[in-house]
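The chain contents come next:
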Amino acid sequence: MGKAEGMTGMAGMAGMAGMAGRMTDPAKMADGSNPAAKTKSVPGRDRSMPDAGLAGHASASRPANETMGMAMPHRPRWQSVVLSTLHCGAGCTLADLIGEWALFLFPVAVAGSRLAGSWTIDYVLALILGVWFQYAAIRSMRRISRRKALLDALKADFLSLTAWQVGMYAWMAFVLFVLRDGAMLPRTSWSFWFMMQLAMYCGFLFSLPMNVLLIDKHIKHAM
C-alpha cells in the first residue's frame, strides 16, 4: 500500500509539473494556442487601430521636415512677397551705408560728377551684397552646385535689386534737383540720412511689383 501511495504522489507531481510548463511556455497557453494570436481576438479591440509600438515607431521614423511642415502654418502670399522684397532691400541698404561713408573718405567721380560716382559705387556694392545674400539663401535650401546657385541668385535679384536702387535714386534726384536746386546734402548731416530713409521706402515701392512678377514667372522663390 505504501508503494501504491508513492506512485500516486509521483503521478500528481508529474501532472503539476506539466501544468506549470504550459503556464510558463510563452508559445503555448492552457488550450495549446499562441498568446500572440489570442490577443488578436480580444473582444472590443478595434482591428483598424495600429499597435501602440508600431505607431510609436512610425511616428519616430517620420521625416523631420514633414513634422515641421505641419507645425508651421503656411505664410500668406502677400507676406512672402514683402519678405522677398525686404530680403533684396537688405543688401541695398547695407551697400548704401558702406558706400556713402567710404565715398565720404575717398570721393569717386564718374564723367566728372561725384553724384554719378556715388550712385555707381552704391549700385555695384548693392548688386554684390544682394546677390551674395540670395546665393546664401539658395545654398541653404537647395543642394545644387555653387555655379548654379550663383546664376540663380543673379537672375532672382538683379532686376528686383535694380528696381530698388532706381526708386532710391528717383527720390534723391527729386530732393537734390527740385527741393534743393542742385545743392548736395552733406553726408554728415541728419537731413541726408533722413532723406536716405525716405529713399529706402521709395526703393521698396519700386521693387515690390518687380518681385511679384519674378515670383509669378518662377524666376524667384517666395520666402
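Residues numbered from 1 in each chain as written. Predicted model: local features only at pLDDT ≥ 70, side-chain atom pairs only at ≥ 80, totals over all residues. Heavy atoms only, no water.

J.: Got a minute to help me understand the packing of helix 5 (residues 77-105) against helix 7 (residues 146-179) in this structure?
T.: The geometry of helix 5 relative to helix 7 is characterised by a closest axis approach of 10 Å and an angle of 55° between their N-to-C directions. Of the possible angle classes, the one that applies to helix 5 and helix 7 is oblique. Every pair of crossing elements has a handedness; the one defined by helix 5 and helix 7 is right-handed. Within the contact between the two elements, helix 5 uses Thr85, Cys88, Gly89, Cys92, Thr93 and Asp96 and helix 7 uses Asp157, Ser160, Leu161, Trp164, Gln165 and Met168. Grouping the constituent residues of the contact of helix 5 with helix 7 by class yields five nonpolar, five polar and two charged. (Axes fitted to C-alpha atoms, helices over the stretch in contact; angles between N-to-C directions. Helix = DSSP H or I, 4+ residues; strand = E, 2+ residues; numbered from the N terminus. Parallel < 35°, antiparallel > 145°, perpendicular 65-115°, else oblique. Left-handed = near helix turned anticlockwise from the far one by under 90°. Contact = heavy atoms within 4.5 Å. Nonpolar A, V, L, I, M, F, W, Y, C, P; charged D, E, K, R; others polar.)

J.: Mind showing me how you'd approach the side chain of Ser84 here?
T.: Tracing the chain through its elements places Ser84 in helix 5. Here Ser84 falls in the buried class, since its relative accessible area comes to 1%. The residues touching Ser84, leaving out its near neighbours within four places in the chain, are Asn211, Ile215, Lys220, His221, Ala222 and Met223. (Buried < 20%, exposed > 50% of the residue type's maximum accessible area, 1.4 Å probe, protein only.)

J.: When you look at the side chain of Gln165 in this model, what are you seeing that I'm missing?
T.: By the secondary structure assignment, Gln165 is in helix 7. Here Gln165 is in contact with Cys92, Asp96, Asp122, Tyr123 and Ala126, once residues within four sequence places are set aside.

J.: I keep staring at a nonpolar patch on the surface and nothing clicks. Help me out?
T.: Among the surface-exposed residues, Trp101, Phe104, Leu105 and Phe106 lie close enough to one another that they form a single nonpolar patch of about 470 Å² accessible area. You can call Phe104 partly exposed: its relative accessible area is 41%. (Patch = residues over 30% accessible without salt bridge, like charges linked within 9 Å, V, L, I, M, F, W, Y side chains within 5 Å. Areas by Shrake-Rupley, 256 points an atom, 1.4 Å probe, with all protein chains shown as cover. Salt bridge = Lys/Arg side-chain N within 4 Å of Asp/Glu carboxyl O.)

J.: Would you mind going over the packing of helix 6 (residues 114-141) against helix 7 with me for this structure?
T.: When two helices pack together, their arrangement is captured by the angle between the axes and the distance separating the axes. Here helix 6 crosses helix 7 at 145°, and the two axes come no closer than 7 Å. Pair helix 6 / helix 7 crosses with right-handed handedness. A class-by-class count of the residues in the contact of helix 6 with helix 7 yields 20 nonpolar, four polar and five charged.

J.: How do you make sense of the nonpolar core when you look at a structure like this?
T.: Side chains of a nonpolar character, in soluble globular proteins, are inclined to be buried together. Formed by 20 residues in total, the largest nonpolar core has its most connected members in Trp164, Met168, Met172, Leu185, Phe192 and Met196. Mapped by element, the contributors of at least two residues to this core are helix 5, helix 6, helix 7 and helix 8 (190-216). At seven residues, helix 8 tops the list of elements feeding residues into this core. Leu185 has contacts with Val175, Leu176, Arg180, Ser191, Phe192 and Met195, leaving out every residue within four places of it along the chain. Grouped together as the second largest cluster of nonpolar side chains are six residues, Val131, Tyr135, Ile138 and Ala149 included. (Core = buried A, V, L, I, M, F, W, Y, C linked by side-chain atoms within 4.5 Å.)

J.: Is there a simple way to explain unusual backbone geometry in this structure?
T.: Among all residues save glycine, negative phi is the norm, and among peptide bonds the norm is trans. Of note in this structure, Asp181 is not a glycine but carries a positive phi near 55°. Structurally, Asp181 can be placed in the loop between helix 7 and helix 8. Judged by relative accessible area, which is 71%, Asp181 ranks as exposed. Positive phi outside glycine occurs at His218, with the angle close to 60°.

J.: I keep staring at the packing of aromatic side chains and nothing clicks. Help me out?
T.: Within the structure shown, the criterion is met by eight aromatic pairs. Where Trp171 meets Phe174, the ring centres are 5.7 Å apart and the plane angle is 35°; that geometry is what we call tilted. Of this pair, Trp171 and Phe174 are both found in helix 7, three residues apart, which corresponds to roughly one turn of the helix. By relative accessible area, which is 22% here, Trp171 ends up partly exposed. Pairwise contacts between aromatic rings join Trp101, Phe104, Phe192 and Trp193 into one cluster. (Phe/Tyr/Trp six-rings, centres within 6.5 Å; stacked < 30°, edge-to-face > 60°.)

J.: Explain the confidence of the model for the protein to me, please; I cannot follow it from the model alone.
T.: Low-pLDDT stretches of the model should not have their predicted coordinates read in fine detail. When pLDDT is averaged along the protein, the result is 76, and 67% of the positions lie at 70 or above. Ranking the helices and strands of the protein by mean pLDDT puts helix 8 first, with 94, and helix 4 (residues 64-71) last, with 39. This stretch, residues 1-14, has a pLDDT under 50; its non-local contacts, to residues over four places away or in other chains, come to zero contacts. Note that pLDDT drops below 50 for residues 35-72; the model gives that stretch 14 contacts with residues more than four away or on any other chain. (pLDDT = per-residue confidence, 0-100.)

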